[in-house]
Amino acid sequence: MAGRGPGATRGAPLRAVIFDWGGTLTPWHTVDAAEQWTVFASAVHEDEERAAELAARMLAGEDHAWHRARTGQGSAHLDDLLRQVGLDPDDVAHEAALSAYRRFWEPHTFTDEQVRPLWEGLHERGLRVGVLSNTIWSGEYHRSVFERDGVLDLIDADVYSSEIAWTKPHVEAFRAAARALRVEPGQAAYVGDRLFEDVHGSQAAGMRAIWVPHSQIPAAQQVTVDVEPDAVAHELLDVLAIVDAWSGR
């Protein structure tokens with residue numbers, strides 16, 4: 001449904017809609033963060049003790065990276081985490097570990113079935129479609145996921161925090177996405193499942209914010225913020241009705 005947050009009164013015509021990835025374009029899954037690194041480390045070391053030690057260091061490094069993202073909006077890349085624990089991300093010896101890690105994540109990466117009709121509907125309305133995600137994974141990997149699920153052709157531009165200096169909610173992350181789409185921030189709406197990173201951040205950058213409130217975000221990942229989205233989408237296809245209301249259709 002349409003809301004009355006600060007972006008709803010902005011006069012610039014909407015030209016683009018930008019989407020968060022995990023928990024927005026993919027259904028929310030609760031993931032065992034420790035298990036992902038146990039899977040990875042077990043493919044690096046046959047010795048259980050060494051594998052457990054590596055997994056603990058990887059988990060601590062990732063926790064630190066996400067804490068920094070929430071408090072200072074600094075970005076990180078998976079390659080950075082590997083280097084911090086003494087692994088060379090370009091070493092072919094670690095390909096099996098990375099493959100095991102990605103197999104662990106694969107069930108949690110599938111694109112929501114409403115994405116293709118939603119994005120087709122936005123294009124039919126003359127709107128550009130973008131993606132802006134906080135992630136430690138490469139853009140190449142994310143594009144392979146979209147290609148696997150048959151929606152890559154509908155993305156006009158995509159920006160990943162692993163490939164820029166900032167994470168959401170830093171305004172520069174949102175500005176980077178707007179630039180990639182060749183629009184001004186005030187001409188874009190952002191769709192996401194997190195009030196701090198997605199709603200607060202996009203509105204601070206001058207965008208309208210559409211909240212998708214269907215994720216069970218762990219308390220440790222939440223940041224309390226007093227914010228009101230411009231609209232709420234209880235399912236992704238609701239975004240079409242929201243943008244139609246904004247344009248007077």
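Higher on the page you've got the structure.
One structure accompanies this document, and this report is about it. (Residues numbered from 1 in each chain as written. Predicted model: local features only at pLDDT ≥ 70, side-chain atom pairs only at ≥ 80, totals over all residues. Heavy atoms only, no water.)

**As for the overall build of the chain**
So, point 1. Scanning the chain for helices and strands turns up 9 helices and 6 strands.
So, point 2. When the 249 residues of the chain are sorted by exposure, 51% land in the buried category.
So, point 3. Residue pairs at least 24 apart in sequence account for 73% of intrachain contacts in the chain once pairs closer than 6 positions are excluded.
So, point 4. Put simply, the chain shows about 11,600 Å² of open surface, and 49% of that area lies on carbon and sulfur atoms. (Helix = DSSP H or I, 4+ residues; strand = E, 2+ residues; numbered from the N terminus. Buried < 20%, exposed > 50% of the residue type's maximum accessible area, 1.4 Å probe, protein only. Contact = heavy atoms within 4.5 Å. Areas by Shrake-Rupley, 256 points an atom, 1.4 Å probe, with all protein chains shown as cover.)

**Overview of helix α9 (residues 238-247)**
So, point 1. Buried within α9 are the following residues: Val 239, Leu 240, Ile 242, Val 243, Asp 244 and Trp 246.
So, point 2. On the buried face of α9, the contacting elements are β1 (16-19), α5 (115-124), β4 (188-192), β5 (208-211) and β6 (231-232).
So, point 3. After α9 finishes, the residue Gly 248 shows a positive phi value of roughly 80°.

**A look at the nonpolar core**
Side chains that are nonpolar tend, in soluble globular proteins, to be buried together.
So, point 1. Counting 52 residues, the largest nonpolar core has Val 17, Phe 19, Phe 40, Trp 119, Leu 122, Phe 146 and Ile 210 as its most contacted members.
So, point 2. Ranked by size, the runner-up nonpolar core spans 17 residues in total, among them Val 159, Val 171, Phe 174 and Met 207. (Core = buried A, V, L, I, M, F, W, Y, C linked by side-chain atoms within 4.5 Å.)

**Examining the pattern of salt bridges**
Opposite charge on two side chains permits pairing when their charged atoms draw close.
So, point 1. Evaluation of the coordinates by the stated rule reveals 12 salt bridges.
So, point 2. Ionic pairing is found between Glu 197 and Arg 194, a salt bridge with its closest N-O pair at 3.9 Å. The residues Glu 197 and Arg 194 share a single accessibility class, namely buried.
So, point 3. Ionic contacts of the salt-bridge type, sharing partners, join the residues Asp 20, Lys 168 and Asp 198 into one network. (Salt bridge = Lys/Arg side-chain N within 4 Å of Asp/Glu carboxyl O.)

**Regarding helix α7 (residues 171-181)**
Counting along an α-helix, one turn takes 3.6 residues, and residues three or four places apart therefore face a common direction.
So, point 1. Along α7, the positions that sit buried rather than exposed are Val 171, Ala 173, Phe 174, Ala 176, Ala 177, Ala 178 and Leu 181.
So, point 2. Looking at the buried side of α7, the elements it contacts are β1, β2 (128-133), β3 (157-160), β4 and α8 (195-204).
So, point 3. The first or second residue beyond α7 is Arg 182, which carries a positive phi of 60°.

**Comments concerning the pairing of β3**
So, point 1. A two-sided burial pattern is seen for β3, the buried positions comprising Ala 157 and Val 159 on one face and Asp 158 and Tyr 160 on the other.
So, point 2. Sheet analysis places β2 next to β3, joined by 4 bridges and oriented parallel. Bridging across to β3, Ser 133 finds its partner in Tyr 160.
So, point 3. The parallel pair β2 and β3, bridged by helix α6 (residues 139-148), forms a crossover whose chirality is right-handed. (Pairing = 2+ DSSP bridges. Right-handed = clockwise from strand over helix to strand, strands pointing away.)

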